[in-house]
Amino acid sequence: MPLEPDWAICDYEIDRKLSQLQAALPLTYGGTSEAIKFSELGSKLIASSKVTPKPLDLTDKFKDATSLELKHKFETRAWEKHLHQIFDESKPDVLVKNAKELLDQYFKSLPNKPDRSLQYSEDESPIDFLHQAILNYATAIKYKPKDPVLHLQLGMALEERYFAEDAYGLIKESESFGKAAGSNVKARESSKSEECDAICKLHGVDPSSDPLSLQLQAIDKEYHSLVASGNSGADHVQSLFAWKSKQAMQEGAAAQKAEDETAPLGQAYLKYMDALSLDDSKAVYHFHVGRLLVIQGDYESAVRRLEAALAWNPQHQMSRFYLGLALALQKDGPGVRMKEALDYLLECLELVLTKRTEQALKPAQTNRTNTLHAEGDVQNNIHFLRGFIALAKIISSNTTQLKDTMSATDIFHTACLLATLQLPTVSRGDMYKQLEWVLLESHACLLQILSANQKGNEKLIVSRCEKLSALIGCCTIPQNSQLLSLQEKTCQQLVSIQPCNSYSLYLLGVAQLTQYENSAPGEMAETFLESCKQSFKVSIDLEGMPSVGEPPQLLKEEKWWQDKVKVEEEKVKAAAKKSEQPAIKTPAGAGRVAAAARGRGAAAGKGAARGAPAVRGSPAARGARGGAAVKPAAVPAKV
């Protein structure tokens with residue numbers, strides 16, 4: 001739950017010292033803002049951090065994408081017929097007007113603070129107003145079925161229904177709405193779940209207690225068994241595996257629901273497809289189909305559809321962002337289109353930071369926007385945060401090639417802060433888990449960056465390892481191989497720095513035990529179990545002992561430690577071999593020229609410094625712009 005405004009204890013002496021520090025903001029396209037006093041930064045936030053975006057010129061870049069084929073059957077489906085419940089009005093214009101008025105009522109009836117619920121009169125809750133808006137749009141389509149705009153509006157309202165349930169926790173049981181908006185989704189999901197449970201039990205896996213990874217292994221084993229015997233049911237089992245495995249994806253259950261026509265999100269996708277099939281010359285229809293394909297995890301198809309959107313409107317900003325995100329999230333990454341994806345994501349980063357800055361400077365009561373989630377809600381769009389992580393990964397992997405960008409560290413911190421601010425405001429549904437993924441992935445990447453310069457940072461690395469391990473243990477994400485591997489590697493890094501610390505070895509033992517419990521019987525499971533025993537034994541032996549000294553012998557016998565030692569030895573040998581190579585002789589005079597050039601370059605570099613070195617400061621100063629990096633340029637007094 002969010003903390004009350006007066007939760008903090010004011011320390012005026014620290015505030016006084018902090019307010020005198022020189023601070024600067026990291027800018028999207030590299031460099032920093034002008035250094036000013038930290039106490040003055042808030043009042044000059046927008047002016048000091050305003051950056052002119054550098055969008056790519058996409059004119060004619062995707063002109064061939066206008067002929068992209070669309071495989072879709074336009075029809076009135078059974079669930080849509082159940083939505084035709086407005087019987088006293090038949091004029092589409094009037095029905096649309098009524099729907100928009102009901103959406104206004106929906107926004108006004110939402111609680112001002114997400115952590116506080118309100119009491120509503122019968123049929124006057126936010127979900128009631130949203131439901132009535134959906135009925136009006138659906139009935140308008142009944143009388144004007146070839147209007148693509150109506151299909152788009154119904155799709156966005158249906159998507160808002162999913163968002164209201166998932167993020168706001170607004171759920172109301174209603175027989176009419178159950179038939180209309182897909183109460184059958186629970187029955188269908190229950191049927192699939194029961195089939196998966198039966199297969200798991202067949203292979204000795206308890207679906208009620210065993211983790212997701214073991215359940216997936218059981219379903220996979222059943223699939224290969226059916227394939228080997230030539231049974232036609234193998235395809236169905238494969239579809240069950242694909243359905244179940246999406247629970248382990250970052251898109252999570254949202255990916256499942258976006259493909260299911262009995263769920264509001266899946267119904268929204270079909271309405272976007274209907275709109276596109278009626279008019280394929282509008283960028284907005286291509287965009288919404290591409291956006292839902294991203295949610296489904298079909299990034300290759302999303303790339304093609306978003307390219308088509310930009311073919312019709314090269315300036316469509318959200319299509320540019322989602323194209324950059326889809327390129328970055330592809331299985332093999334953006335590849336040769338790395339720079340293109342980077343530009344799209346940087347453009348979005350500047351947009352989001354600017355919008356959040358403007359929102360933060362408004363009075364608190366006007367902070368909420370009356371914008372449907374599908375229309376580009378900046379504050380609640382989880383894909384923006386995932387895009388920032390993808391952007392930071394591209395930058396951190398290409399530091400020598402990419403110069404005019406914000407640092408990967410600042411972007412990871414920005415994603416962390418925005419996710420932390422948003423996490424307490426949503427219910428524990430699909431979005432909540434995706435926000436947890438953002439936090440875990442950002443902190444893991446920050447730890448990796450810090451570990452690359454381990455010398456002198458050991459205490460900070462230890463602290464971050466312990467906190468990341470705790471964060472993984474507390475998250476609500478179903479256990480899966482990616483999460484378990486992250487937990488184990490984090491604890492291994494912790495033990496590598498302090499191999500004689502009892503608590504660190506205990507955490508490693510817990511991570512190894514969890515790996516064992518989530519592994520199928522076999523050699524790997526036995527390796528995890530043996531390592532777990534050794535870690536716990538060493539931890540017990542070291543209780544009450546100093547946390548310094550040589551690594552215990554039992555620890556040295558663990559496979560991961562031996563692998564680590566081998567890697568370190570190979571690095572030493574490679575470095576020694578490189579130093580033994582004879583130096584290349586340079587022509588006479590060349591050294592003097594090079595030295596002079598370096599001297600001039602160094603002088604120019606000093607003169608051209610655009611801001612201060614980055615040190616993280618108070619989130620308040622950069623809170624609206626991501627909060628990640630208030631940068632003291634000079635420290636007049638020690639804090």
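A brief report on the enclosed structure follows. Computed from a predicted structure; not experimentally measured.

1. Looking at the overall build of the protein
- Along its length, the protein carries 28 helices and three strands.
- For the protein, with 639 residues in total, the buried portion stands at 48%.
- Looking at the protein as shown, the accessible area adds up to about 32500 Å², and 53% of this sits on carbon and sulfur atoms.

2. What about the packing of aromatic side chains?
- Scanning all chains against the criterion turns up eight aromatic pairs.
- Where Phe163 meets Tyr168, the ring centres are 5.3 Å apart and the plane angle is 75°; that geometry is what we call edge-to-face.
- Under the relative-accessibility criterion, Phe163 is labelled buried at 3%.
- If you follow Lys564 out to its NZ or CZ, it ends over the ring of Trp561, 4.2 Å from the centre.

3. Observations regarding unusual backbone geometry
- A positive phi angle is found at Asp60, which is not glycine, with a value near 70°.
- Within the secondary structure, Asp60 is located in the loop between α3 (45–49) and α4 (78–81).

4. What to know about the state of the cysteines
- Scanning the entire structure with this criterion turns up zero disulfides.
- The structure places no disulfide on Cys196, whose sulfur is separated from the nearest cysteine sulfur, that of Cys200, by 6.6 Å.

5. A short note on the environment of Leu385
- Take Leu385: it is sitting in helix α18 (residues 382–397).
- With relative accessibility at 4%, the residue Leu385 sits in the buried group.
- Taking the C-alpha atoms as reference, Leu385 lies 9.1 Å from Leu349; in sequence the two are 36 residues apart.
- Filtering out sequence-adjacent residues up to four positions away, Leu385 remains in contact with Ala415, Leu418, Ala419, Gln422, Leu435 and Val438.

6. A short note on the pattern of salt bridges
- According to the stated counting rule, one finds 19 salt bridges in the structure shown.
- Salt-bridge contacts for Lys282 lead to Asp279; the nearest nitrogen and oxygen are separated by 3.0 Å.
- Its relative accessible area of 17% is what places Asp279 among the buried residues.
- Measuring nitrogen to oxygen at the nearest pair gives 2.9 Å for the salt bridge that ties Glu340 to Arg337.
- Among the charged side chains, a salt-bridge network with shared partners connects Arg77, Glu80, Lys271 and Asp274.

7. Here we look at helix α14 (residues 283–296)
- Its 14 residues give α14 an end-to-end C-alpha distance of 20 Å, which sits within 8% of 20 Å, the value for a rise of 1.5 Å per residue.
- A large share of α14 lies buried, amounting to 13 of its 14 residues.
- The positive-phi residue at the C-terminal boundary of α14 is Gly297, with phi of around 85°.

8. Details of the side chain of Asn380
- Following the sequence through the fold, Asn380 ends up in the loop between α17 (338–360) and α18.
- Excluding residues that lie within four positions of it along the chain, Asn380 makes contacts with Phe163, Tyr168, His373, Gln422 and Met431.

9. Observations regarding helix α16 (residues 317–329)
- For α16, spanning 13 residues, the distance from its first C-alpha to its last is 19 Å, which sits close to the expected 18 Å at 1.5 Å a residue.
- With eleven of 13 residues buried, α16 is to be regarded as a mostly interior element.
- As for α16, its buried residues are in contact with α14, α15 (299–312), α17 and α18.

10. Things to note about the packing of α14 against α16
- At a minimum axis distance of 10 Å, the contact between α14 and α16 shows a crossing angle of 30°. Classified by the interaxial angle, the pair formed by α14 and α16 is roughly parallel. Considering how the two elements wind past one another, α14 and α16 form a crossing that is left-handed. Counting all contacts with α14, which are made through Phe287, Arg291 and Val294, the residues of α16 involved are Met318, Ser319, Tyr322, Leu325 and Ala326.
- Residue composition of the contact of α14 with α16, by class: six nonpolar, one polar and one charged.

11. Structural notes on the packing of helix α21 (residues 458–474) against helix α22 (residues 481–497)
- Packing of α21 against α22 leaves a shortest axis separation of 9 Å and a crossing angle of 150°. The angle between the axes of α21 and α22 places the two elements in the roughly antiparallel class. Between α21 and α22 lies a crossing whose hand is left-handed. For the pair α21 and α22, the contacting residues are Glu458, Ile461, Val462, Cys465, Glu466, Leu468, Ser469, Ile472 and Gly473 in the first and Leu483, Leu486, Gln487, Thr490, Cys491, Gln493, Leu494 and Ile497 in the second.
- Here the contact of α21 with α22 is composed, by residue class, of ten nonpolar, five polar and two charged.

12. Examining the side chain of Ser442
- Structurally, the position occupied by Ser442 is in helix α20 (residues 430–451).
- With a relative accessible area of 0%, Ser442 lands in the buried category.
- At 2.8 Å, the side chain of Ser442 forms a polar contact with the backbone oxygen of Val438.
- Aside from chain neighbours lying at most four places away, what touches Ser442 is Ile389, Phe412, Ala415 and Cys416.

13. Some words on a nonpolar patch on the surface
- Judged by side-chain polarity, Tyr503, Tyr506 and Val510 come together as a nonpolar surface patch covering roughly 290 Å² of accessible area.
- Along the chain, Tyr503 falls in helix α23 (residues 502–517).

14. Quick notes on the environment of Leu325
- Mapped onto the elements, Leu325 comes out in helix α16.
- A relative accessible area of 0% means that Leu325 is categorised as buried.
- When the C-alpha atoms of Leu325 and Leu342 are compared, they prove to be 9.2 Å apart, with 17 residues separating the residues in sequence.

15. Some words on the environment of Glu458
- With respect to the helices and strands, Glu458 occurs in helix α21.
- Note: C-alpha distance between Glu458 and Leu494 (36 residues apart in sequence) is 9.4 Å.

About the criteria used
- Residues numbered from 1 in each chain as written.
- Predicted model: local features only at pLDDT ≥ 70, side-chain atom pairs only at ≥ 80, totals over all residues.
- Heavy atoms only, no water.
- Helix = DSSP H or I, 4+ residues; strand = E, 2+ residues; numbered from the N terminus.
- Buried < 20%, exposed > 50% of the residue type's maximum accessible area, 1.4 Å probe, protein only.
- Areas by Shrake-Rupley, 256 points an atom, 1.4 Å probe, with all protein chains shown as cover.
- Phe/Tyr/Trp six-rings, centres within 6.5 Å; stacked < 30°, edge-to-face > 60°.
- Lys NZ or Arg CZ within 6 Å of the ring centre and 35° of its normal.
- Disulfide = S-S within 2.5 Å.
- Contact = heavy atoms within 4.5 Å.
- Salt bridge = Lys/Arg side-chain N within 4 Å of Asp/Glu carboxyl O.
- Expected span 1.5 Å × (residues − 1).
- Axes fitted to C-alpha atoms, helices over the stretch in contact; angles between N-to-C directions.
- Parallel < 35°, antiparallel > 145°, perpendicular 65-115°, else oblique.
- Left-handed = near helix turned anticlockwise from the far one by under 90°.
- Nonpolar A, V, L, I, M, F, W, Y, C, P; charged D, E, K, R; others polar.
- Polar contact = N/O pair within 3.5 Å; in protein donor to acceptor, adjacent residues only side chain to side chain.
- Patch = residues over 30% accessible without salt bridge, like charges linked within 9 Å, V, L, I, M, F, W, Y side chains within 5 Å.

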